[in-house]
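Next come the chains, spelled out residue by residue.
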Amino acid sequence: MSSNLTAVSYGVNLSPSELDHLRKVLAGSGASFTSESRSGDERFGVYILGLAVDGTTAADLSGIRRLVADAAAPGMDTAIVADALRDATRKFLIMDVDSTLIQQEVIELLAAHAGKREEVTAVTEAAMRGELDFAQSLHARVAVLAGLPAAVVDAVRAEVRLSEGAAELVAAFKAAGHAVAVVSGGFNQILQPIAEKLGLDYWIANELEIVDGVLTGKVLGDVIDRAAKEKYLREWAAAEGIDLEHTIAVGDGANDLDMLGAAGIGVAFNAKPAVRAVADAAINMPYLDAVRHIAGV
């Protein structure tokens, strides 16, 4: 038996009783413990437990993750991560943008300038729950922006705020020699300066059509939907020479599901229930840099 998995727990309340319960659940699954450590800061705590498990097929790993998720206590989440990912020399991190890398949904900020925020928010939420086709919903939401002056793009860009820990997460991955990318159902006009400032290796989003200084209510080219997000994960990881098993994908909505499923580990960040239900791990607190601890960076 060798140490081949790691249980990474994080949360604002890692109580001794909750950690003891976690150890019992893991022991009940047949795991033995090879190492133990604690870290964290004033925002959240981190508890890392090395595991040795007989057999780590996809079904075995999924079963352990389900046991741990079902036994989770409020204020604490646990990711079960393959050591092959945590120990990889180079890793590839790919993230969604709206409500993941940044705190806001940009389409809603733009719609507010057209007096249509509530209407657009309802459509966005339905699309993120997977109730609407993303491309169709995007075209419908962008249509309400027709006639707005292009200057609203600058105004909205000034409203955008990175998620807590986002800059630190990117900096840590880059400093360790890993690659970082974002892929967004949002808009290049908002994303470009953010991506350049963070020093991202790859990024892509939709392009708002602007003619004579006015938004036309259309997007140019193919929509970045859930299939496109997976496609770019695979293409960019291959370009970096990084195996898919060494990739980490982070997102919050149905548009991210294919990307999360294809990555070495898919992390649901303050996500919709349908996304949390199928993701490999979940972060249910506002600190995006918890991903560092999951990935061992």
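Residues numbered from 1 in each chain as written. Predicted model: local features only at pLDDT ≥ 70, side-chain atom pairs only at ≥ 80, totals over all residues. Heavy atoms only, no water.

- As recorded in an unreviewed UniProt entry, the chain goes by the name phosphoserine phosphatase, listed as coming from Arthrobacter methylotrophus.
- The Pathway (unreviewed entry) comment attached to the chain in UniProt states, word for word, "Amino-acid biosynthesis; L-serine biosynthesis; L-serine from 3-phospho-D-glycerate: step 3/3."
- In the Sequence similarities (unreviewed entry) part of its UniProt record, the chain is described as follows: "Belongs to the HAD-like hydrolase superfamily. SerB family." (UniProt positions renumbered as here; feature names shortened; annotations may be inferred.)

**Some points on the pattern of salt bridges**
Here's step 1: Taken as a whole and judged by the stated rule, the model has 17 salt bridges.
Here's step 2: When salt bridges that share partners are traced, they join Asp 20, Arg 23, Lys 24 and Glu 36 into one network. (Salt bridge = Lys/Arg side-chain N within 4 Å of Asp/Glu carboxyl O.)

**Considering the packing of aromatic side chains**
Two descriptors summarise a pair of aromatic rings, namely the distance from one centre to the other and the angle between the planes of the rings.
Here's step 1: With the rule as written, the count across this model stands at 4 aromatic pairs.
Here's step 2: Cluster of aromatic residues (ring-pair linked, three or more members): Phe 92, Tyr 202, Tyr 232 and Trp 236.
Here's step 3: One residue, Arg 43, lies across the ring of Tyr 287, its end atom 4.9 Å from the ring centre. (Phe/Tyr/Trp six-rings, centres within 6.5 Å; stacked < 30°, edge-to-face > 60°. Lys NZ or Arg CZ within 6 Å of the ring centre and 35° of its normal.)

**With respect to the environment of Gly 11**
Here's step 1: Along the chain, the position of Gly 11 falls in strand 1 (residues 3–11).
Here's step 2: Between the alpha carbons of Gly 11 and Gly 45 there is a distance of 5.6 Å; along the sequence they are 34 residues apart.
Here's step 3: Setting aside residues up to four positions removed in sequence, Gly 11 forms contacts with Phe 44, Gly 45, Gly 75, Met 76 and Met 285. (Helix = DSSP H or I, 4+ residues; strand = E, 2+ residues; numbered from the N terminus. Contact = heavy atoms within 4.5 Å.)

**A word on the packing of helix 5 (residues 106–113) against helix 8 (residues 151–159)**
Here's step 1: Two elements in contact, helix 5 and helix 8, have axes separated by 10 Å at closest approach and are oriented at 130°. Here helix 8 runs oblique to helix 5, going by the angle between their axes. The handedness of the crossing between helix 5 and helix 8 comes out as right-handed. Residues Val 106, Leu 109, Leu 110 and His 113 of helix 5 touch helix 8, and the partners they reach there are Val 152, Ala 155, Val 156 and Glu 159.
Here's step 2: Grouping the constituent residues of the contact of helix 5 with helix 8 by class yields 6 nonpolar, 1 polar and 1 charged. (Axes fitted to C-alpha atoms, helices over the stretch in contact; angles between N-to-C directions. Parallel < 35°, antiparallel > 145°, perpendicular 65-115°, else oblique. Left-handed = near helix turned anticlockwise from the far one by under 90°. Nonpolar A, V, L, I, M, F, W, Y, C, P; charged D, E, K, R; others polar.)

**Description of helix 7 (residues 134–143)**
Spacing of three or four residues puts side chains on the same side of an α-helix, whose turn is 3.6 residues.
Here's step 1: Turning to helix 7, its buried residues number three or more, namely Phe 134, Ala 135, Ser 137, Leu 138, Arg 141 and Val 142. Angularly, the buried residues of helix 7 cover 160° about the axis, an arc narrow enough to put them on a single face.
Here's step 2: If you follow the buried residues of helix 7, they end up packed against helix 5, helix 6 (117–128), strand 6 (179–187), strand 7 (202–211) and strand 8 (214–220).
Here's step 3: Among the residues of helix 7, the N-terminal cap falls to Asp 133, whose side-chain oxygen and the backbone nitrogen of Ala 135 are separated by 3.2 Å. (Buried < 20%, exposed > 50% of the residue type's maximum accessible area, 1.4 Å probe, protein only. Arc of directions from axis to C-beta. Polar contact = N/O pair within 3.5 Å; in protein donor to acceptor, adjacent residues only side chain to side chain.)

**Quick word on the pairing of strand 5 (residues 92–95)**
Here's step 1: Across the two faces of strand 5 the burial is the same, with Phe 92 and Ile 94 and Leu 93 and Met 95 all buried.
Here's step 2: Taken together, the 4 bridges between strand 5 and strand 6 define a ladder with parallel strand orientation. Bridging across to strand 6, Leu 93 finds its partner in Val 180.
Here's step 3: Pairing geometry for strand 5 and strand 9 (residues 247–251), over 4 bridges, is parallel. Across the sheet, residue Met 95 finds its bridge partner in strand 9, namely Val 250. (Pairing = 2+ DSSP bridges.)

**Quick notes on the environment of Gly 199**
Here's step 1: Take Gly 199: it is sitting in the loop between helix 10 (188–198) and strand 7.
Here's step 2: With a relative accessible area of 30%, Gly 199 lands in the partly exposed category.
Here's step 3: Sequence separation between Gly 199 and Val 297 is 98 residues; the distance between their C-alpha atoms is 17 Å.

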